[in-house]
Amino acid sequence: ETGVTQSPTHLIKTRGQQVTLRCSSQSGHNTVSWYQQALGQGPQFIFQYYREEENGRGNFPPRFSGLQFPNYSSELNVNALELDDSALYLCASSAGTLGETQYFGPGTRLLVL
Amino acid sequence: AQSVTQLGSHVSVSEGALVLLRCNYSSSVPPYLFWYVQYPNQGLQLLLKYTSAATLVKGINGFEAEFKKSETSFHLTKPSAHMRDAAEYFCAVSGRGGADGLTFGKGTHLIIQP
């Protein structure tokens, strides 16, 4: 059974640029959630996709957007990057939305200069 | 709205000693509660999960946690610490609706003294 994978592992961008992060969910999982973890902090919920539809969102601006594909893999897109977007971005997959255990990938570390 | 408070950003124990990491939660509905561990430069690994089936939950690597509704607490314990337990530990809560994602505490860094 393949776990959650994310790409790339590290990324450096400059302010104002756009970035796309990718996540492959664990086999059999139809739900993907994205989190932002700033240095020294706990992860913060960005949004969740269930069967290709966004069905929950945290307190993040619209320049954070996403997609989920028919195979349940997902992308996180961030436009107009700001310095404060520098963080570890974690993807988690689960077999549903109602209290199902979320299994996390290793994350993508984004540095915005 | 849900929230999680982890008391103590750093906890230091001697190898072989009891580990106690504290977590208090706030939730308007009976919650799902989780403990995750994060090793340096890695993602989060689930230690254990409370789903209301039993108040004492046993997890991996010898960890367990007890749900106490009256205290709104879900503290994590391990009878005997090992060097390999040194990591960052996060308590998280999920509402019954599910679509709000997990709300995490700020984490507790566990240091094991030889």
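What this report covers is the structure whose coordinates are included nearby.

Cut-offs used in this document
- Throughout, a residue's number is its position along its own chain's written sequence, starting from 1.
- Chain letters and ligand numbers both follow the written order, the letters beginning at A and the numbers at 1.
- Note on the predicted model: pLDDT of at least 70 is required for a residue's local features to be given, and 80 or more for side-chain atom pairs to be given and counted; whole-chain, interface and lining totals, by contrast, use all residues.
- Side-chain figures throughout are based on the complete set of non-hydrogen atoms in the structure, without hydrogens or water.
- What counts as a helix is a DSSP run of H or I of at least four residues, what counts as a strand is a run of E of at least two, and both are numbered from the N terminus.
- Atoms counted for the radius of gyration: C-alpha only. Globule rule: 2.2 Å times the number of residues to the power 0.38.
- Only protein chains enter the area calculation, which uses a 1.4 Å probe; residues under 20% of their type maximum are buried, those over 50% are exposed, and those in between are partly exposed.
- Any two residues having at least one pair of non-hydrogen atoms within 4.5 Å are treated as being in contact.
- In short, Shrake-Rupley with a 1.4 Å probe defines the accessible areas, and a residue's cover is counted only from the protein chains shown.
- When charges are counted, neither His nor the chain ends are considered; positive counts come from Lys and Arg and negative counts from Asp and Glu.
- Where a charge lies is defined by one atom per residue type: Lys uses NZ, Arg uses CZ, Asp uses CG and Glu uses CD.
- Any two cysteine sulfur atoms lying within 2.5 Å of each other are counted as a disulfide.
- Any two strands between which DSSP finds at least two bridges are classified as paired.
- Interaxial angle, 0 to 180 degrees, is taken between N-to-C directions of lines fitted to C-alpha atoms, where a helix line uses only the stretch in contact.
- Nonpolar cores were defined as sets of buried Ala, Val, Leu, Ile, Met, Phe, Trp, Tyr and Cys residues, with membership established by side-chain atoms within 4.5 Å.
- Each reported salt bridge corresponds to a side-chain nitrogen of Lys or Arg within 4 Å of a carboxyl oxygen of Asp or Glu.

Turning our eyes to something else, we now look at the overall build of chain A. Counting its secondary structure elements, chain A contains zero helices and eleven strands. Shown N-terminal to C-terminal, the secondary structure of chain A runs as helices and strands in the order β-β-β-β-β-β-β-β-β-β-β. Computed over its C-alpha atoms, the radius of gyration of chain A comes to 13 Å, within 12% of the 13 Å expected for a compact globule of 113 residues. Overall, the C-alpha framework of chain A stretches about 40 × 25 × 25 Å when taken along its three principal axes. In chain A, which comprises 113 residues, the proportion classed as buried is 50%. Long-range pairs, those at least 24 residues apart, make up 53% of the contacts in chain A between residues at least 6 apart in sequence. Carbon and sulfur atoms make up 49% of the accessible area of chain A, which amounts to about 5,300 Å² in all. A gap of 8 Å separates the mean positions of the 7 positive and 9 negative side-chain charges of chain A.

All right, on to the state of the cysteines then. What the rule picks out here adds up to two disulfides over all chains. With its sulfur 1.8 Å from that of its partner, C23 of chain A forms a disulfide with C91 of chain A. Judged by the torsion about the S-S bond (-55°), the C23 of chain A/C91 of chain A disulfide is left-handed. Residue C23 of chain A is located in strand β3 (residues 19-24), and its partner C91 of chain A is located in strand β9 (residues 87-94); the two are separated by 68 residues in the primary sequence. For C23 of chain A, a relative accessible area of 2% puts it in the buried group. Look at C91 of chain A and you get buried, because its relative accessible area is 0%. Across the disulfide from C23 of chain B sits C91 of chain B; the S-S distance is 2.0 Å. On the S-S bond that ties C23 of chain B to C91 of chain B, the torsion sits near -60°, and the link is left-handed. Here C23 of chain B is found in strand β3 (residues 19-26), whereas its partner C91 of chain B is found in strand β9 (residues 87-94), with 68 residues between them in sequence. According to the relative accessible area criterion, C23 of chain B is buried, its value standing at 0%.

Before going further, it helps to spend a moment on the sheet that holds strand β6 (residues 56-58) of chain B. Sheets are built from strands that pair by backbone hydrogen bonding, the pairs being arranged parallel or antiparallel. Residues and elements named next belong to chain B. Strand order in the open sheet made by the five strands is β1-β3-β8-β7-β6, with antiparallel pairing throughout. Where the open sheet ends on each side, the last strands, each with one partner, are β1 (3-7) and β6. The sheet shows a mean angle of 20° between the axes of neighbouring strands, direction not considered. The pairing of strand β7 (residues 64-68) with strand β8 (residues 73-78) spans five bridges and is antiparallel. Paired with K68 across the strands is S73, a residue of β8.

Residues and elements named next belong to chain B. Grouped together as the largest cluster of nonpolar side chains are 26 residues, with contacts concentrated most on W35, L48, F74, L76 and Y89. For this core, the secondary structure elements donating two or more residues are β2 (10-14), β3, β4 (32-38), β5 (44-50), β7, β8, β9 and β11 (108-113). When residues no more than four places from it in sequence are discounted, the contact partners of L76 are V19, L20, L21, W35, L47, L48, F63, E64, A65 and Y89.

Residues and elements named next belong to chain A. By the definition in use, this model includes six salt bridges over all chains. One salt bridge in this structure joins R63 and E82, with 3.3 Å as the shortest N-O distance. With R63 in the loop between β6 (53-57) and β7 (64-68) and E82 in the loop between β8 (74-78) and β9, the pair connects residues that are 19 residues apart, well separated along the chain. Judged by relative accessible area, which is 16%, R63 ranks as buried. For E82, a relative accessible area of 39% corresponds to the partly exposed category. Because the salt bridges share partners, they merge into one network encompassing R63, E82 and D85.

With that settled, consider the sheet that holds β8 of chain A. Residues and elements named next belong to chain A. One open sheet accounts for four strands, arranged β1-β3-β8-β7; its pairing is antiparallel. Because the sheet does not close on itself, it has two edges, and the strands there are β1 (5-7) and β7. Pairwise comparison of adjacent strand axes, ignoring direction, gives a mean angle of 20° for this sheet. Across five bridges, the pairing between β3 and β8 is antiparallel. Across the sheet, residue C23 finds its bridge partner in β8, namely S74.

So, on to the environment of P79 of chain B. All names here are of chain B. If you trace the backbone, P79 turns up in the loop between β8 and β9. Owing to a relative accessible area of 62%, P79 belongs among the exposed residues under this scheme. Counting along the chain gives 24 residues from P79 to T103, while the straight-line C-alpha distance between them is 27 Å. Here P79 is in contact with G16, A17, L18 and G62, once residues within four sequence places are set aside.

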